Amino acid sequence: MPADAHADATPADGPFGSMDAYLAIPRCAGLAVSADGARVVTTVAELDGDRARQVPALWELDLGGGPARRLTRSEKGERSPVFAADGSLLFVSGRPRPGGGDDAPAALWRLPAGGGEAWPVAAPAGGIAAVAAATAAAVVVFTARVAPGRQAGSDDDATWRDTRKQRKVTAVLHQQMPVRHWDHERGPEEVHLFAATLPAEATGGQLADVRDLTPDAALALLEAAPVVSHDGAFVVTDWHVDLPGGAQRTDLVRIDVATGERRVLASDPTHRWYYDSPAVSPGGQVACIASAGDSLTESAATFAVLVDPAGDGLDGAPAGVGDGPADGGPAGAGGGPAGAGGGGRSRPRRLDLGDLWPRELAWQGDGRLLVAGDRGGHAPLVAVDVATGAATDIAGDGAWHAPAGAAGDGVVALRSHVDSPPRPVLVGADGTLVELDAPGAVAVPGRLEDLRVTVADGTTVRAWLVLPEGAGPDEPAPLAVWVHGGPLGSWNDWSWRWNPWLMAARGWAVVLPDPAYSTGYGAGLVERGWRQWGGNPFTDVMAVTDAAEAHPAVDPGRTVAMGGSYGGYMANWIAGHTDRFRAIVSHASIWNLEQFQPTTDAPYAWADEWGMPADDPAFYRQWSPDAHVDAITTPMLVIHGAFDFRCPISESLRLFNDLAARGKEAMLLTFPDEHHWILQPGDAAAWYEAVWAFLDHHALGRPWRRPDLL
């Protein structure tokens, strides 16, 4: 068979036939549902006229099966739609407004319930971050940035901003760790929570009685997603607490809208559990997600819990996962009502969801909690009867997101999967699924198969295998092994960034393994990867690779490996431990653990699992990929964004330098304006073109051709 059999340098026409066509696919994200469940709005992002960025707009979906209707249109786009109690639609946008200027920060806008022109109702100098609205009261809450130590809207706030802008000052003074988050500095601006009254729609006015509920918040609300009660009486939000030594924990707090009184609902100073993603029922019940990070003695765990909304917080670890409070996790389902605890202290009550790793929560009425999360290579939608703790799947296959109650006791959510981009779906009370009309429906160029392999210790490891059209025994496809990030994660969802169907359109098979440390398979699989990143996860990936290469539609002689973030770590580890791959692509990777731990944006998180480099240098050396650089013989393409603070670009710079110093075959692709994810359409196109050129040359034997965009 010729070296370039099946893999085609000129893929067929269609949405995956070129990067231009692929980037033009409209992208649905998020849902907003009116209080009566009759109206549903989603955000659809599309390329702008210059094909330089994705611009989101709001579309209303027809629950009766009719065509979707576009509601907004602007050059800056619209995001974060929320229905107010009166049916008007609030959203965040940087679109031009009177007196705002071209570079004004994002404001809060209001679109009348009956349609018409939207107008700005709040435009804080620091811009709007998150917004929520009560469903039975004219109360709106939002977060916005405020100058450090200043009062929102004050002359001092405005002067501070104007002075920094005029003098082009971008410096940030940090007084404690951590100092960064993903792609931006933590500060200098603070994030405060505001409450306001929404005036009658007919007045056309701005928010009234705007009050800063958290003048002392500093950075406690950075990235927070507050929710407001049905009657507008209180707000529940995650609250980040900076601790000595650069560590953090996340508490759950209740803030009274009338007085600003703040009460801790859930906190764990001892074991540093994280409480976030709150949801409040119409009757005021509170649920959230409780997570324990890795430690030197235990692997990570995540649960859905019920929290007493009137409690005063437990000063210590939540009640036990198993038999008692000493276990350090939320109490098991059936262990008493939410809030039941010793001495009048509130205790989160864990809901028993089996192997499901929860990601999102929403209430459908007072007694039914909707939970979506990872399980077995899917992300099902589960309904929990909170009185009994009984959990029932209401939508299984696929990955379900943004669930919400809809009219007629139905549920509306976005359903996606490895082979399907997010699509809005109405789940009827009888379990029927009806896909709603929305832009962005596509058919993928190939087929998806479930692959399972039993490894040496008897564990079953599964993966998805993407096969291109026409692949079979007479025309086997070359294989790309893609390792997911995390490491706590699962290949169960659509990805616009790492999309295997772009590879399939060029004739490649792609295998997506869920090795040790993957979520949705119970605590055992997580435990198998804990504190041994290059141990069981590596041997699991190799076992999946063996199984994929044995498939009759795969050519075992032309296999490559790719990964980003933790997957990039694994790509580097693979490079130093086997020569079976024709080429390796390492994106946003970790190369030297001793260097990575103190330079990432969350050094405390990795010290929890690994300890400090000075305290256990042998552990760091044991699992650091750079310790095996001399064994690398496979050509490597190393990729990184300069604004990646989770996995700093210093990792890839050192990796490339170490390879070059030893005469190893390697290339380095950097993105000066990107971060952990390569998001700008032009840069995404350049990323794929570089990967394809590299793989075409090293795996398919084609002459090297430098990509046009590079």
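Scroll up to find the structure.
Computed from a predicted model, the values in this text were never measured in an experiment.

**Topic: the overall build of the chain**
Looking only at helices and strands, the chain has 11 helices and 38 strands in total. Taking 2.2 N^0.38 as the reference for a compact globule, 710 residues should give roughly 27 Å; the C-alpha atoms of the chain span a radius of gyration of 25 Å, in line with that estimate. Its C-alpha atoms give the chain principal-axis dimensions of about 75 × 60 × 55 Å. Considering the chain as a whole, with its 710 residues, one finds that 59% of them fall into the buried category. Within the chain, contacts between residues at least 6 apart in sequence are counted, and of these 56% link residues at least 24 apart. Taken as a whole, the chain presents about 27,000 Å² of accessible surface, with 51% of it coming from carbon and sulfur. Side chains of the chain carry 54 positive and 89 negative charges; the gap between the two charge centres is 3 Å.

**Some thoughts on the sheet that holds strand β23 (residues 357-363)**
Read from one edge to the other, the open sheet built from four strands follows the order β23-β24-β25-β26, with strand pairing classed as antiparallel. Looking at the sheet topology across the chains shown, the edges are occupied by β23 and β26 (391-395). Sheet twist, expressed as the average angle between the axes of neighbouring strands with direction ignored, equals 35°. Both strand β25 (residues 381-385) and β26 contribute to a ladder of four bridges, which runs antiparallel. Bridge assignment links V382 to a residue of β26, and that residue is D393.

**What about the pattern of salt bridges?**
Any two side chains of opposite charge can pair, so long as their charged atoms come close to each other. Overall, the coordinates contain 32 salt bridges when judged by the stated rule. As a salt-bridge pair, R211 and D209 come within 2.7 Å of each other at their nearest N and O atoms. You can call R211 partly exposed: its relative accessible area is 22%. With a shortest N-O distance of 2.5 Å, R646 and D601 are connected by a salt bridge. With R646 in the loop between β37 (636-641) and α10 (650-661) and D601 in the loop between α7 (593-599) and α8 (603-610), this residue pair connects regions lying 45 residues apart in the sequence. Accessibility assignment for this pair places R646 and D601 in one class, buried. One connected set of salt bridges, linked through shared partners, spans D450, R452, R462 and D514.

**A short note on the sheet that holds strand β30 (residues 433-435)**
Taking strand neighbours across the sheet as the criterion, the four strands line up as β27-β28-β29-β30 in an open arrangement whose pairing is antiparallel. Where the open sheet ends on each side, the last strands, each with one partner, are β27 (399-406) and β30. With strand direction ignored, the average angle separating the axes of adjacent strands in the sheet is 30°. Here six bridges tie β27 to strand β28 (residues 410-417), and the two strands are oriented antiparallel to one another. By the bridge assignment, A406 is partnered in β28 with G410.

**Considering the side chain of D601**
Overall, the relative accessible area of 4% leaves D601 in the buried class. A polar contact of 2.6 Å, which involves the side chain of D601, links it to the backbone nitrogen of W182. Here the side chain of D601 touches T600 through a polar contact of 3.3 Å, side chain to side chain. If we skip the residues at most four places from it in the chain, D601 touches P178, R180, H181, W182, F645 and R646.

**What about the packing of aromatic side chains?**
All chains considered together, the criterion is met by 25 aromatic pairs. When the ring of F16 is compared with that of Y22, the centres are 5.8 Å apart and the planes differ by 40°; the resulting orientation is tilted. Like Y22, F16 is buried. Seen in terms of ring centroids, F619 and Y620 are 6.1 Å apart; in terms of plane orientation they differ by 80°. Their pairing is edge-to-face. Each member of the pair, F619 together with Y620, is buried. Directly above the aromatic system of F645 lies the positively charged group of R180, at a separation of 3.8 Å from the ring centroid. The residue whose ring lies beneath R580 is F581, and the NZ or CZ to ring-centre distance is 5.8 Å.

**Topic: the environment of V55**
In this structure, V55 sits in strand β3 (residues 54-61). Between the alpha carbons of V55 and V382 there is a distance of 32 Å; along the sequence they are 327 residues apart. Discounting residues that sit within four places of it in the chain, V55 has contacts with V44, A45, E46, D48, S74, E75, K76 and G77.

**Overview of α8**
Within α8, six of the eight residues are buried, leaving the element largely enclosed by the surrounding structure. Taken together, the buried positions of α8 are P603, Y604, W606, A607, E609 and W610. As for α8, its buried residues are in contact with β17 (248-256), β19 (274-280), α7 and α9 (617-623). Remark: G611 follows α8 within two positions and exhibits a positive phi of approximately 75°.

**Focus: the side chain of D696**
Note that D696 resides in helix α11 (residues 681-698). Those residues in contact with D696, other than ones at most four positions away along the chain, are R506, G701 and R702.

**Things to note about unusual backbone geometry**
Cis peptide bonds are those with omega within 30 degrees of zero, and the linkage from G187 to P188 qualifies with 5°. In this fold, P188 is placed in the loop between β12 (184-185) and β13 (190-197). The omega angle of the peptide bond from G486 to P487 is 5°, so this bond is cis rather than trans. Note on placement: P487 falls in the loop between β33 (477-483) and α3 (500-504). For E223, which is not glycine, the phi torsion reads 70° and is therefore positive. Along the polypeptide, E223 turns up in the loop between β14 (208-212) and β15 (227-228). Accessibility expressed as a relative area gives 45% for E223, which makes it partly exposed. One non-glycine residue, S277, lies in the positive phi region at around 55°. Within the fold, S277 resides in strand β19.

Cut-offs applied
- Residues numbered from 1 in each chain as written.
- Predicted model: local features only at pLDDT ≥ 70, side-chain atom pairs only at ≥ 80, totals over all residues.
- Heavy atoms only, no water.
- Helix = DSSP H or I, 4+ residues; strand = E, 2+ residues; numbered from the N terminus.
- Rg over C-alpha atoms; globule rule 2.2 N^0.38 Å.
- Buried < 20%, exposed > 50% of the residue type's maximum accessible area, 1.4 Å probe, protein only.
- Contact = heavy atoms within 4.5 Å.
- Areas by Shrake-Rupley, 256 points an atom, 1.4 Å probe, with all protein chains shown as cover.
- Lys, Arg positive; Asp, Glu negative; His and termini not counted.
- Charge placed at Lys NZ, Arg CZ, Asp CG, Glu CD.
- Pairing = 2+ DSSP bridges.
- Axes fitted to C-alpha atoms, helices over the stretch in contact; angles between N-to-C directions.
- Salt bridge = Lys/Arg side-chain N within 4 Å of Asp/Glu carboxyl O.
- Polar contact = N/O pair within 3.5 Å; in protein donor to acceptor, adjacent residues only side chain to side chain.
- Phe/Tyr/Trp six-rings, centres within 6.5 Å; stacked < 30°, edge-to-face > 60°.
- Lys NZ or Arg CZ within 6 Å of the ring centre and 35° of its normal.

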